[in-house]
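Chain residues, written in single-letter form:
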Amino acid sequence: MTPVITLEKPETLSVRNLVAERDLVRRDIELVFQLAERIKSAPGDYAQALRGKQLALIFEKPSLRTRVTFEVGMTSMGGFAVYLDHTKPRLGERESIKDVARNLSRWVDGIVARTFAHSAVEELAEHASIPVVNALTDLFHPCQALADYFTLGEKVGRLKGLKLAYVGDGNNVCHSLLVTGAKLGVTVHVATPQGFEPKAEIVEEAKTLARKTGAKVHLYSDPVEAVAGANAVYTDVWASMGQEYASHLRGQVFPPYRVTEGLMASADPSAVFMHCLPAHRGQEVTDAVLDSPQSVAFDQAENRLHVQKALLLLLMQNGR
Ligand code: CP
Ligand code: NVA
């Protein structure tokens, strides 16, 4: 029988929080992936793994996948999640973020937060005495990148030495793919229009990490060049949550970066297509690509559940 990580046999991460990928060492990621694999294959073994544990979900932005997977993930392990709608007022407006963190620490066992400012999640983590998980900020989406590389590894059978090409806006998802990919030895190519590149300091961070794992990080303006021979082609919306005001302008700049069957033909013949979702069909990706057999977008969405359950279990099982 598959060995089970239980409350009696705790294995823990080197960190108390997941605020950004830079917090995780390679062993942490391996531990999350190994446990996610076991949870995925035998979810019933974990039905009571977080019995009695409570999780607060703070969301300043909309969500389908992240909210449902965290809520269902907690319930399916015997715990409970409380959803706090912070679309209005935003976190920190009614009372300080520090006081929110200190209050929640008295009632629940963990906090998951989706905020605009990355500093808001950092501040929660600084003042909470319980684990804090980043559920997307303007800067990073670490839960997404973990589920994405777990999915890629599942599809291809390995990660080290693979090449992932990200095409589109150099946004939060792109940043997380860069840093997590570099840690895992995955070469990441990024193609963006001029002025929409990922942040230079995050590219540098990824390059430094990549030097240690033998991976490479390259920026391109030509999507065909970026995608050439890639094992995975990834895209995301052209205007992220909070940038809707710029959708029209972006809609004029980004069409050459649309992932089409033609662009997919430049990748490795066995390449997968990836998208964090939600997708704006006909904009950053065509229906034909998103609905093709090459597309693993809905497997990524499914794996958010298994990977986050593993993460929650590793962070919360010790009652920290
Ligand atoms: N991919 C993702 O985070 O989806 P939601 O915005 O629906 O949570
Ligand atoms: N970059 C997108 C990701 C959504 C999951 C956004 O921030 O809106």
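Refer to the structure printed above.
Residues numbered from 1 in each chain as written. Chains lettered and ligands numbered in written order. Predicted model: local features only at pLDDT ≥ 70, side-chain atom pairs only at ≥ 80, totals over all residues. Heavy atoms only, no water.

Visitor: How should the overall build of the protein chain be read in this particular structure?
Guide: Helices and strands together make up the secondary structure of the protein chain, namely 12 helices and 9 strands. In terms of overall size, the protein chain behaves like a compact globule, its C-alpha atoms giving a radius of gyration of 19 Å where 320 residues would be expected to give roughly 20 Å. By principal-axis analysis of the C-alpha atoms, the protein chain measures approximately 50 × 50 × 35 Å. Buried positions account for 57% of the 320 residues belonging to the protein chain. When contacts within the protein chain are restricted to residue pairs at least 6 apart in sequence, long-range pairs at least 24 apart make up 76% of them. When the accessible surface of the protein chain is summed, it comes to about 13,200 Å², and 52% of that surface belongs to carbon and sulfur atoms. Charged side chains in the protein chain number 35 positive and 37 negative. The centres of these two groups are separated by 4 Å. (Helix = DSSP H or I, 4+ residues; strand = E, 2+ residues; numbered from the N terminus. Rg over C-alpha atoms; globule rule 2.2 N^0.38 Å. Buried < 20%, exposed > 50% of the residue type's maximum accessible area, 1.4 Å probe, protein only. Contact = heavy atoms within 4.5 Å. Areas by Shrake-Rupley, 256 points an atom, 1.4 Å probe, with all protein chains shown as cover. Lys, Arg positive; Asp, Glu negative; His and termini not counted. Charge placed at Lys NZ, Arg CZ, Asp CG, Glu CD.)

Visitor: Would you take a moment to explain the site of ligand 2 for this structure?
Guide: The environment of ligand 2 is formed by L136, N171, N172, V173, D236, V237, S240, M241 and L277. Relative to its unbound accessible area of 270 Å², ligand 2 is 95% covered by the protein chains. Among the residues making up the shell around ligand 2, the classes are represented as 5 nonpolar, 3 polar and 1 charged. (Near = heavy atom within 4 Å. Nonpolar A, V, L, I, M, F, W, Y, C, P; charged D, E, K, R; others polar.)

Visitor: Before we go on, may I ask you to explain the site of ligand 1 in this structure?
Guide: Neighbouring residues of ligand 1: S63, L64, R65, T66, R114, H141, Q144, C276, L277 and R304. The separation between an oxygen atom of ligand 1 and a polar main-chain atom of L64 is 2.6 Å. Interatomic distance of 2.9 Å between a backbone N/O atom of C276 and a nitrogen atom of ligand 1. In isolation ligand 1 offers 250 Å² of accessible surface; the protein chains occlude 96% of this area. Considering only residue class, the shell around ligand 1 consists of 3 nonpolar, 4 polar and 3 charged. (Polar contact = N/O pair within 3.5 Å; in protein donor to acceptor, adjacent residues only side chain to side chain.)

Visitor: Sorry, what's going on with the sheet that holds strand β2 (residues 80–85) here?
Guide: With parallel pairing, the 4 strands of this open sheet are ordered in space as β2-β1-β3-β4. In this open sheet, the two strands that pair with only one neighbour each are β2 and β4 (132–134). Averaged over all adjacent pairs, the angle separating strand axes in this sheet is 20 degrees, with direction ignored. Along the sheet face, helix α2 (residues 65–75) touches β1 (54–59), β2, β3 (110–114) and β4 and points at about 175 degrees away from the line of β1. Relative to β1, helix α12 (residues 297–316) is tilted by about 120 degrees, and along the sheet it contacts β1, β3 and β4. (Pairing = 2+ DSSP bridges. Axes fitted to C-alpha atoms, helices over the stretch in contact; angles between N-to-C directions.)

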